[in-house]
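# Inside the fold
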Amino acid sequence: MKGDNVKDQLTTPFEDWPKEDIIKYLGFLMHNYRVMDAFWFLNIENRHGHEEACKINELVWGKVGKLAARDLKERFNITEKGIPGFVKALKLFPWNILVGYILIENDDELIIEVPNCPAQEARLKHGMDEYDCKDMHRAEFENFAQVIDPTIKVDCFFAPPDKHPEGLYCRWRFTAD
């Protein structure tokens, strides 16, 4: 299969590692994923302005969502459709793990709430305004969902730049026909 050599190259170094070291390294990778995303965005924003950074971020995360869902389906043999398949894949998605989405599941819908957003909180801590993440997350979620099941629809109740209640940055709803 195309890409098997790359997968072997990525996993072979860890075959003899103790479980504790693999877990520590996963922690490093997850932290590095978040830091890379933050500094990538900040540098685009500093060089090209906030609006352009948000547009580029939307393009990047739209593609990341699609590729991640495709890869997760393959690696973890996710065959379920609808909300159950979406939730199964989303629970493995790095950004879900990093942010700690609150997933409120029903048979025919999923609500995602984000009470603590590391990206927004870091900006506020450093005296910056929140960044407009709504379109970026819409592209990410829609592309992720389409790979799992093309009938999944994504609705945003609110996300920056929208006003939001204190202690809740965004709320999203996912439904499947």
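Treat the numbers as computed from the prediction; the structure is a model and nothing was measured.

Applying the stated rule across the entire model yields 2 cavities of 30 Å³ or more. Computed from the structure, the largest cavity encloses a volume of approximately 70 Å³. If you trace the largest cavity, you find it lined by Trp-95, Val-99, Tyr-101, Val-114, Cys-117, Cys-133, His-137, Phe-141, Tyr-169, Cys-170 and Trp-172. Looking at side-chain class alone, the lining of the largest cavity contains 10 nonpolar, 1 polar and no charged residues. For the second largest cavity, the full set of lining residues is Asp-37, Trp-61, Trp-95, Tyr-131, Met-136, His-137 and Glu-140. With 3 residues, helix H7 (residues 134-148) is the largest single contributor of residues to the lining of the second largest cavity. In terms of residue class, the lining of the second largest cavity is made up of 4 nonpolar, 1 polar and 2 charged.

For the rest of this paragraph, the subject is a nonpolar patch on the surface. A contiguous nonpolar patch, built from Trp-17, Tyr-25, Leu-26, Phe-28 and Leu-29 and spanning about 450 Å² of accessible area, is present on the exposed surface. Within the fold, Phe-28 resides in helix H2 (residues 19-48). On the accessibility criterion, Phe-28 (43% relative accessible area) is partly exposed.

So, on to the sheet that holds strand S3 (residues 152-158). If you walk across this open sheet you meet the 4 strands as S1-S2-S4-S3, and the pairing is antiparallel. Looking at which strands have only one partner, the edges of the open sheet turn out to be strand S1 (102-105) and S3. In this sheet, adjacent strand axes meet at a mean angle of 20° when their direction is disregarded. Where S1 meets strand S2 (residues 109-114), 4 bridges bridge the pair, whose relative direction is antiparallel. Across the sheet, the residue bridging to Ile-102 is Glu-113, located in S2. Those strands touched by helix H4 (residues 82-90) are S1, S2, S3 and strand S4 (170-176), and its axis lies near 30° from that of S2.

What follows concerns the layout of surface pockets. Put simply, the largest pocket is a space of about 890 Å³. Forming the walls of the largest pocket are 20 residues, and the residues nearest its centre are Leu-26, Leu-29, Asp-71, Arg-75 and Pro-94. For the lining of the largest pocket, the secondary structure elements donating two or more residues are helix H1 (4-11), H2, helix H3 (50-75) and helix H5 (94-99). Considering each element in turn, the lining of the largest pocket owes the most residues, 7 residues, to H2. Roughly 370 Å³ of volume is contained in the second largest pocket. The element best represented in the lining of the second largest pocket is H2, accounting for 8 residues. Residues of the lining of the second largest pocket, tallied by class, amount to 11 nonpolar, 3 polar and 3 charged.

Cut-offs and rules
- Residues numbered from 1 in each chain as written.
- Predicted model: local features only at pLDDT ≥ 70, side-chain atom pairs only at ≥ 80, totals over all residues.
- Heavy atoms only, no water.
- 1 Å grid on protein atoms, 1.4 Å probe; cavity = no way out; pocket = protein on both sides within 12 Å on 5 of 7 lines; lining within 4 Å.
- Points joined across faces, edges and corners; volume = space filled by probe spheres on them.
- Nonpolar A, V, L, I, M, F, W, Y, C, P; charged D, E, K, R; others polar.
- Helix = DSSP H or I, 4+ residues; strand = E, 2+ residues; numbered from the N terminus.
- Patch = residues over 30% accessible without salt bridge, like charges linked within 9 Å, V, L, I, M, F, W, Y side chains within 5 Å.
- Areas by Shrake-Rupley, 256 points an atom, 1.4 Å probe, with all protein chains shown as cover.
- Salt bridge = Lys/Arg side-chain N within 4 Å of Asp/Glu carboxyl O.
- Buried < 20%, exposed > 50% of the residue type's maximum accessible area, 1.4 Å probe, protein only.
- Pairing = 2+ DSSP bridges.
- Axes fitted to C-alpha atoms, helices over the stretch in contact; angles between N-to-C directions.
- Contact = heavy atoms within 4.5 Å.

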